[in-house]
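Read off the chains here:
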Amino acid sequence: MKRFLVMVALLFIASIAVNAGVKDKVLLYLPNRILDATDIFSLGLGIGPAAKLELRATRACDFGGGVGAAAYAVKDYNRQYGGCLQNGYDWSFTCLGDENEQRTGSRWVKSDWYQYTGIPSYKAQEYDRFEGSRDYWEIGGEGGAGLIGRAAIHPINIADFITGWFFIDLAGNDITSEDMD
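Just so you know, these numbers come straight off a predicted model, no measurement behind them.

Basis of the calculations
Residues numbered from 1 in each chain as written. Predicted model: local features only at pLDDT ≥ 70, side-chain atom pairs only at ≥ 80, totals over all residues. Heavy atoms only, no water. Phe/Tyr/Trp six-rings, centres within 6.5 Å; stacked < 30°, edge-to-face > 60°. Helix = DSSP H or I, 4+ residues; strand = E, 2+ residues; numbered from the N terminus. Buried < 20%, exposed > 50% of the residue type's maximum accessible area, 1.4 Å probe, protein only. Lys NZ or Arg CZ within 6 Å of the ring centre and 35° of its normal.

Q: Would you explain the packing of aromatic side chains in this entry?
A: Describing an aromatic ring pair means giving the distance of the ring centres and the angle of the ring planes. Taken as a whole, this structure holds 8 aromatic pairs when the rule is applied. Geometrically, the ring pair formed by Tyr29 and Phe167 is tilted, given 5.1 Å between the ring centres and 40 degrees between the ring planes. Here the residue Tyr29 occupies a position in helix α3 (residues 29-39), and Phe167 occupies one in the segment after α4 (155-164), the gap between them amounting to 138 residues. In terms of burial, Tyr29 and Phe167 fall into one category: buried. Relative to Trp137, the ring of Tyr122 has its centre 6.4 Å away and its plane inclined at 40 degrees; by these criteria the two rings are tilted. With Tyr122 in the loop between β5 (112-118) and β6 (139-153) and Trp137 in the loop between β5 and β6, this residue pair connects regions lying 15 residues apart in the sequence. Its relative accessible area of 38% is what places Trp137 among the partly exposed residues. Here the aromatic residues Tyr29, Phe161, Trp165 and Phe167 are joined through ring pairs into a cluster of three or more. It is Arg33 that lies over the ring of Tyr29; its NZ or CZ is 5.1 Å from the centre. Taking NZ or CZ as reference, Arg134 lies 3.4 Å from the ring centre of Tyr114, over its face.

See the structure below:
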């Protein structure tokens, strides 16, 4: 019975490891789970002539607004780590809002210019699940004047963390030996 269970487990692992080799899946299993755990949340701290107060349960259900320019240190969505400058304004009340905000990032932080009026579209490039700079489904907020704090959690990355324990990479962001070349 033990041999049968071991064979079933090995066949399961081999069948899932289509894109990356089994060796990568096994050797990088723990580092990928740690990275998936850190992907669950975003943090940021900004300083500058700006004021913000926003709460969000997805971008479609967002309350508050802000205006000004600030320099941020961030640990953000899709493994963005570093600094950025943000300048502009935004306001929203449930699904209605207006935003015109430019973000200039450092080496590992994406630069973007967010603009929308009305309802933000989850199909917009900045909300792309694999390459986007923002998470449409995030839950969190930011607030402050002069000194601005930001925190958010990412439900899709929670699911990626859970399924990652079973060798399923929903976010497509597990590292492989090719990433280390």
